[in-house]
Every structure is written in structure tokens, then in C-alpha cells.
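Descriptive analysis of the structure
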Amino acid sequence: MFLIKSYIQYPNVSIDHYKEVETDPFHYFVDINNTEKILRIKKDLDLDYLYGVLYLTYNNQVIIDFTYFDLIDQLWAYFLNMTKEFLQNKKSEMSFPDQPLPMSMESISDEYILFSINFVQWKLPKYEFLTALLSGAKDFFQKMILLIEEEKDYYIPQLNKIKLLEPKVNALKK
Amino acid sequence: MHNNIKQSFKLLLLLFFFIPLSSEWHHARDSVPTVKIDFNDAKSESNISWNINFKVRPLSKFHQNSFNSYNHAINNNKLPTHISCEPVIYKNVSALQHIYGPIQLSRNGILKQFTRNYLDAHTTYFKQYFIAETTQRYLDYHKIDLSILDSCNGNLLQQAVHQEFLILADTAACLWNKKNNSLEVKQLTSVIADFTNAGTLFNHEGEVTKAIALADAGWAILDCIQAAGEGIVEGLALVAYDIIHPIQTIQNFTHAVSNCGHYLHVVLKEIDFVESAILDGKFDIAYDRYTLWSEHCSNIAQALNEHYKKLALRDVVKGVATSAVQMYATGRALNGLSKFFNYANQNALHVAQKINNGFQESVVLMTAEGIPIRIAQETLKYGQKVPRAQDKLLQVLSQFESHKIKVGKITFLLDKKGLKHILERHHPKYWNGSIKPMQTFLNEKTTTNDIVHIIKKVIKQNRKLILEKGTLDGQIDGIVKNIKYRVGFKIGKIGQFYIPLKQ
């Protein structure tokens with residue numbers, strides 16, 4: 001079972017070294033479901049460079065942890081591009097928006113996908129993985145439109161992308 | 001011949017460095033020593049003007065001997081015994097001025113000879129020095145190789161600075177020897193040992209400005225110990241009484257602390273200068289949070305020392321001894337700073353607790369445990385004035401104008417904010433010091449014009465793809481001069497530019 005959560009980095013809380021966040025990640029990041037807090041910090045957020053975390057686990061094993069913080073809205077958009085490319089070519093590659101951290105997807109069978117992040121490979125159930133990604137992205141962009149409407153020009157096209165991708169991913173269901 | 005050219009080049013550099021350094025001392029702050037060197041004054045002979053507003057104390061026997069031997073060294077080299085300059089006006093004198101003052105005066109005189117291009121001053125020669133037994137034990141205890149202090153091969157200024165380090169080491173050794181049971185004295189004299197080691201090595205390599213900065217910092221720390229030892233500071237009463245004569249006013253302690261902060265800042269700046277390529281961003285962070293200094297400094301020191309070990313193996317083959325020594329000296333100096341700030345860190349909690357318990361802050365900061373904290377605060381104050389990577393970045397940004405790059409009907413924009421982000425994240429000169437799991441850097445020599453030029457080329461190489469997709473978001477890759485670059489943009493705004501791992 002996949003668990004995907006999105007977090008936003010608090011403004012004015014700098015991270016000098018990525019390992020700093022390991023001990024107390026919630027000192028640095030706020031869950032996007034914590035709307036009250038996000039509305040409070042919104043005025044201090046740099047919307048061009050919105051840092052955060054896409055936290056991903058599979059059966060309680062952490063695939064993407066808090067140390068992989070990056071430009072969160074762009075990272076989600078990149079994941080959508082990656083999914084689109086994967087559905088077209090059965091493989092795709094990209095790096096994180098703000099660091100050359102590589103990720104790739106490759107179909108290894110009808111049921112499984114090989115997902116690689118920072119040279120660590122995961123054999124994952126294809127349909128569940130892509131569905132979880134789309135659902136995580138949808139949740140993120142829908143909440144962001146409500147919380148940060150100033151950026152809706154960026155978020156609406158992403159939601160449209162999700163709409164187009166959903167039936168294609170559903171078609172993978174056996 | 002080659003050596004001569006190298007030597008001349010070093011001297012030229014030396015002269016170049018002294019001019020900004022001298023102006024650096026013209027701080028307007030009351031608490032900073034005002035030292036003025038008039039390089040243009042050609043007529044003065046022995047008009048040494050002193051503006052001293054404190055009681056001049058007689059030198060102790062120990063210091064008298066040190067200073068005599070210092071003058072003896074100068075006389076032996078047929079230098080005029082008059083210091084033919086009118087350079088030094090001391091204001092807000094610090095506690096050890098009766099020792100340090102004459103040394104500084106002589107040093108200034110030699111500097112002046114350099115600027116006047118006296119041949120004698122530029123001649124290099126070998127000279128052996130005597131190291132007192134107490135000093136030998138002190139150096140041994142701090143694992144300092146005695147051979148670096150028992151001789152010096154250098155010009156007049158290098159010899160003078162070498163002698164100065166010997167006096168500094170002698171003074172610290174005496175203090176260390178007599179008050180070995182005082183933790184404060186032990187800790188602070190250990191910092192001076194590191195500075196002596198690093199400074200002597202810098203001096204031997206011809207990096208005299210760095211050596212002088214370290215010597216000044218060492219003297220300043222001794223000043224603070226002395227002030228503490230004179231009973232001004234609770235807990236250290238009479239520590240240094242045997243060695244240094246008492247002073248009367250509590251004000252001198254404040255000045256000593258201020259000076260110490262000033263000189264430690266100079267040391268940091270000098271070290272930053274040596275390793276600027278590596279350290280630029282690191283010290284920016286350090287300025288903001290002095291409590292982290294110790295960690296940063298010790299990490300850097302460790303890294304440099306490791307590098308030194310590696311270099312040592314290659315010394316014989318490749319003859320890169322100079323670079324190895326520089327690395328070692330920098331590491332050792334940073335180690336000194338690390339110890340100092342560690343000591344401040346250790347005491348910070350106790351001091352905070354005392355203040356919380358209702359003690360007056362100004363009083364607590366004058367206790368033995370408060371000294372390093374107070375000095376660290378002073379250093380922080382001065383440190384903030386140093387041109388930092390951030391300032392360099394702002395300078396570059398102020399000269400940058402936004403660039404629009406058109407592909408068909410699509411327009412991409414690289415504005416100041418985008419460039420700032422790119423430079424802070426991926427340019428070694430302007431890097432903000434943040435470390436992510438994966439990091440690549442552009443070539444250090446890459447200019448903003450280069451960045452614009454490369455981005456334009458990458459976009460041009462992807463023209464077809466961009467027009468097909470009509471995209472204003474995502475990443476594109478391109479190869480310029482055999483290097484792969486990645487450009488990232490969001491709604492047409494270029495926000496990322498870096499070198500990907502896969503080339």
C-alpha cells in the first residue's frame with residue numbers, strides 16, 4: 001500500500017544541510033492539510049521557489065523521505081510529465097527541479113514498474129503506483145489552488161494534465 | 001632566476017595586501033584600536049607620537065627580556081634603531097599594550113621600509129632562534145613541531161614576525177606554565193598555540209598578512225586573559241598577576257574584549273581569503289550563527305588536514321610543499337578558532353542560566369566563563385561587516401538586466417531572481433552553503449554572461465521540442481562545449497540551471 005503526503009517548508013527556516021531535517025522534520029515542514037497554518041505563513045512564502053517534500057512510502061518502507069526536499073509544486077508537475085512519458089514510451093527519466101537527483105521509471109512487466117530514485121531501485125506494482133501518484137498530485141494541486149490562488153495559472157494546467165492521465169492509468173488495471 | 005621572480009611576485013602581492021590592510025585598521029568604532037600608517041610621509045625621523053591615556057606600566061622582567069631580544073634581532077640586521085615613521089596613534093589601548101605596542105611599532109617601521117623599497121628589507125636570510133625551556137614544553141604539549149620556530153629563512157619582515165610569534169609563544173607559555181590548573185587559561189592558551197603554529201607556517205610561506213592577523217588575534221586573547229587575571233573578572237582573580245602587572249580600570253577589560261573580537265574577525269577574514277573557493281558560503285552561515293562556528297571550523301579544519309595528509313605523500317614527487325603547508329596552516333588556524341568557539345559554546349548555557357536566574361547580563365559576561373562568549377559576540381559584530389558571498393552576489397545582481405529569449409511565440413525570461421537562485425545554488429563563488437542530497441557546481445570561472453549565453457544555446461538546441469509541445473514548464477537539456485547543462489523553467493520563467501550527473 002502506498003502512502004503519499006505533501007509538505008511545504010516553513011518560510012525563514014533555512015536548511016543548511018539536508019540531514020538536519022532527519023531528526024525533527026516537522027520543525028521544517030508543514031503538512032498541506034494543515035490549512036490554518038499554511039494560510040498563516042502564506043504571506044512569507046516565496047511562490048516562485050516553493051520548497052517542500054513529496055513523502056512516499058510503500059508498505060511502510062520509505063521511498064522518498066524528508067531529506068529529498070525540493071521545489072514541491074514543480075516536483076509534482078515533473079512527476080506528471082514523467083508519468084505521461086512513461087505511458088507513451090514505457091520508460092522515462094527526469095531529475096529533481098532544483099538538484100541533479102535522478103529518477104526513472106521503466107516497465108519490467110505488465111504488472112510491475114522499476115522505479116529508481118538516487119540510484120536506489122524499487123520494484124513496484126505499476127497500476128497502484130501510478131494511481132497513487134496521480135491521486136497525490138491531484139490532492140496537492142487542488143489544495144494549493146484553494147490556499148494559494150495567486151499561482152492558479154500554474155496549478156490549473158496541472159489538474160488538466162491529471163484529468164487526461166487518469167483514464168490512461170485506469171486502463172492499466174487488470 | 002625562477003625563485004627570484006617568484007620572490008618578487010610575493011613581495012608585490014605583499015605590498016598590495018598591506019595597503020587595504022592598513023586602511024582596514026581605520027575603524028571609526030571607539031572600541032577598535034586606531035592604527036594609522038602614513039606611507040607617504042618621507043620626512044619624519046624619530047617623531048614617534050604616542051597618545052596614551054592610561055598609566056604606562058613597567059615591563060616585567062620576562063617581557064623586558066623578550067623585547068630586548070626582539071630589538072637585538074633588529075639591530076643585528078643593521079637596521080636603524082630609530083623607527084623612522086610617525087605611524088602609530090594608540091587609542092583605547094588594550095591591556096598588553098606595554099608589550100605589544102613596541103612590537104607593533106617596530107613592525108610598522110619595517111613595513112614602511114618595504115614600501116620604500118629598501119634593499120636590506122627585501123633580502124632573505126637564514127636565522128636561528130632560541131626557544132626557552134618553558135616554551136618548548138608548552139609547544140610540545142600542544143603537539144607543535146619545535147623546528148618551525150627554531151629558525152626562519154625569510155626577509156626582514158618575516159624574521160620580525162617570526163620573532164613576534166616567539167614572544168607570543170613565550171608569553172602564553174609562561175601563563176600556561178604558572179596557571180596550569182586554571183581551565184580558562186589552559187583553554188585559551190591552547191588557542192594561541194594553534195595560532196602560533198599556523199601563523200609561523202604562513203610566515204615561512206611568505207603569507208605575512210595572514211601571519212600578522214594570527215599574531216594580532218593571539219595578542220588580543222592574551223589581553224583578555226590578562227584582564228581576567230587582574231581581578232576584574234570573577235573566578236580568575238590573580239591568575240596572571242605573577243606575569244603581568246595590574247591595570248586600574250574595568251574599562252580596559254571592555255577594550256580588550258573589543259580588540260579581541262576585532263582581531264578574531266581579521267583572522268577569519270584572512271583564512272577566508274586563503275580558502276575562499278572552498279569556504280565562501282560556509283562563513284556566511286557562520287556569521288549568522290556564531291554558535292555553529294566551532295562545528296564549521298572544525299569540519300573544515302579536519303577536511304583540510306586530511307587533504308594535507310594526502311598532499312604530504314606527493315610533496316616529494318611534485319614539489320607542492322607550499323600548498324601543503326598552506327593547507328596545514330589554514331587547518332591549524334581554523335582549529336584554533338574552533339577551540340575558541342567550542343569553549344564559548346560550552347559556557348553559553350551556564351551564562352544563559354545565570355541570566356535567567358536574574359543575574360545582570362553585563363556582569364555575567366565578565367565572569368571567566370563569560371569571556372569567550374563576549375568575545376564571540378564582538379567577533380560576530382565585526383564579522384557582519386566583512387564582504388560576504390552574499391554581498392558579492394548582490395553586486396553581480398545589481399549589474400544584471402533581465403534577458404528575454406524568444407522561441408516562436410513563446411518567451412522565456414531570465415530575471416534577477418532566477419539568476420540569484422542559480423548562482424546561490426550552483427555557482428561555487430556565490431553558493432549559499434546549503435547542501436542537498438545531490439549537488440553539482442558550475443565552473444568557478446563561469447560569468448553571468450556565460451550563463452545567459454549557455455541558456456540561450458540550450459533553448460536554441462531544443463527549439464523544435466519547445467515549439468511542438470508549446471511548453472513553458474519543465475526541464476530541457478543541451479550540450480555546450482562538451483558539457484551537458486539542464487535548464488528548468490516554470491510558466492516561462494527560467495529558475496534552474498545546473499549540470500546534470502549524466503553527461
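Note that the structure is a prediction, hence the values are computed from the model and not measured.

Brief notes about the overall build of chain B
Counting its regular elements, chain B contains 19 helices and 7 strands. The 503 residues of chain B split such that 44% are buried. Partitioning the intrachain contacts of chain B with sequence separation of at least 6 by distance along the chain shows that 69% fall at a separation of at least 24.

Let's talk about the overall build of chain A
Counting secondary structure elements, chain A contains 5 helices and 9 strands. A buried classification covers 34% of the 174 residues belonging to chain A. Within chain A, contacts between residues separated by at least 24 positions form 50% of all contacts whose residues are at least 6 apart in sequence.

Brief notes about the interface of chain A and chain B
Size of an interface, as often reported, equals the accessible area lost when the parts are brought together. Facing 23 residues of chain A, the contacting portion of chain B comprises 26 residues. Elements with a minimum of two residues in the side of chain A that touches chain B: α3 (72-89), β6 (91-95) and α5 (152-170) of chain A. At 4 residues, α3 of chain A tops the list of elements feeding residues into the side of chain A that touches chain B. Tallied by class, residues from the side of chain A that touches chain B come to 12 nonpolar, 7 polar and 4 charged.

Points about the nonpolar core
With 60 residues, the main nonpolar core has A169, A172, I192, L214, A217, I221 and V267 of chain B as its most contacted residues. If you tally residues by element for this core, the top one is helix α7 (residues 156-178) of chain B, at 14 residues. In this structure, V53, L130, A137 and I162 of chain A belong to the second largest nonpolar core, which totals 46 residues.

Considerations on the environment of I4 of chain A
All names here are of chain A. Among the structural elements, I4 can be located in strand β1 (residues 2-9). I4 sits 132 residues away from G136 along the chain, and the two C-alpha atoms are 6.0 Å apart. Excluding residues within four positions of it along the chain, I4 makes contact with Y55, L56, A132 and G136.

Description of the packing of α3 of chain A against helix α4 (residues 126-147) of chain A
All names here are of chain A. Where α3 meets α4, the closest approach of the two axes is 10 Å, and the angle between their N-to-C directions is 145°. Our pair here, α3 against α4, has a crossing hand that is left-handed. Across the interface between the two elements, D73, W76, F79, L80 and T83 of α3 pack against L130, L133, A137, F140, F141 and M144 of α4.

Thoughts on the packing of α4 of chain A against α5 of chain A
Residues and elements named next belong to chain A. At a closest axis distance of 9 Å, the pairing of α4 and α5 adopts a crossing angle of 155°. For the element pair α4 / α5, the angle class is roughly antiparallel. As α4 packs across α5, the resulting crossing turns out to be left-handed. Only K152, Y155, Q158, L159, I162, L165, E166 and V169 of α5 make contact with α4, whose side of the interface consists of Y127, L130, T131, L134, A137, K138, F141, Q142, M144 and I145. Along the lines of polarity and charge, the residues of the contact of α4 with α5 split into 12 nonpolar, 3 polar and 3 charged.

Focus: the sheet that holds strand β8 (residues 112-117) of chain A
Residues and elements named next belong to chain A. Strand order across the open sheet formed by 4 strands is β6-β7-β8-β9, with antiparallel pairing between neighbours. This sheet does not close on itself; its edge strands, each paired only once, are β6 and β9 (120-125). With direction set aside, neighbouring strand axes in the sheet form an average angle of 15°. Looking at chain direction, strand β7 (residues 102-107) and β8 are connected through 5 bridges and run antiparallel. Residue M103 lies in a different strand from β8, and its bridge partner there is I117.

Considerations on unusual backbone geometry
One non-glycine residue, N59 of chain A, lies in the positive phi region at around 45°. Locating N59 of chain A in the fold gives a position in the loop between β3 (51-58) and β4 (61-64). Accessibility expressed as a C-beta count within 10 Å gives 8 for N59 of chain A, which makes it exposed. Positive phi is not limited to glycine here, since N482 of chain B has a value of about 65°. Examined against the element boundaries, N482 of chain B turns out to sit in the loop between β5 (474-480) and β6 (483-490).

Here we look at the confidence of the model for chain B
Predicted coordinates in regions of low pLDDT should not be interpreted in detail. Residues and elements named next belong to chain B. Per-residue confidence for chain B gives a mean pLDDT of 65, with 50% of residues at or over 70. When pLDDT is averaged over each element of chain B, helix α18 (residues 448-461) comes out on top at 94 and helix α1 (residues 2-24) at the bottom at 37. Scored below 50 in pLDDT, residues 1-96 makes 120 contacts in the model with residues more than four places away or belonging to other chains. Taken together, the stretch residues 276-291 has pLDDT below 50 and engages in 37 contacts with residues farther than four places along the chain or on a different chain. Model confidence for the complex: the whole-complex pTM is 0.49, and ipTM, which rates the interface, is 0.92.

Comments concerning the environment of I435 of chain B
Tracing the sequence through the fold places I435 of chain B in the loop between α17 (416-426) and α18. The class of I435 of chain B is partly exposed, set by 14 C-beta atoms lying within 10 Å. Sequence separation between I435 of chain B and R425 of chain B is 10 residues; the distance between their C-alpha atoms is 8.9 Å. What I435 of chain B contacts, discounting residues up to four positions off in sequence, is D16, H17 and Y18 of chain A.

Calculation notes
Residues numbered from 1 in each chain as written. Chains lettered and ligands numbered in written order. Predicted model: local features only at pLDDT ≥ 70, side-chain atom pairs only at ≥ 80, totals over all residues. Helix = DSSP H or I, 4+ residues; strand = E, 2+ residues; numbered from the N terminus. Buried ≥ 20, exposed ≤ 12 C-beta atoms within 10 Å, placed from the backbone. Contact = placed C-beta atoms within 7 Å. Nonpolar A, V, L, I, M, F, W, Y, C, P; charged D, E, K, R; others polar. Core = buried A, V, L, I, M, F, W, Y, C linked by C-beta atoms within 7 Å. Axes fitted to C-alpha atoms, helices over the stretch in contact; angles between N-to-C directions. Left-handed = near helix turned anticlockwise from the far one by under 90°. Parallel < 35°, antiparallel > 145°, perpendicular 65-115°, else oblique. Pairing = 2+ DSSP bridges. pLDDT = per-residue confidence, 0-100.

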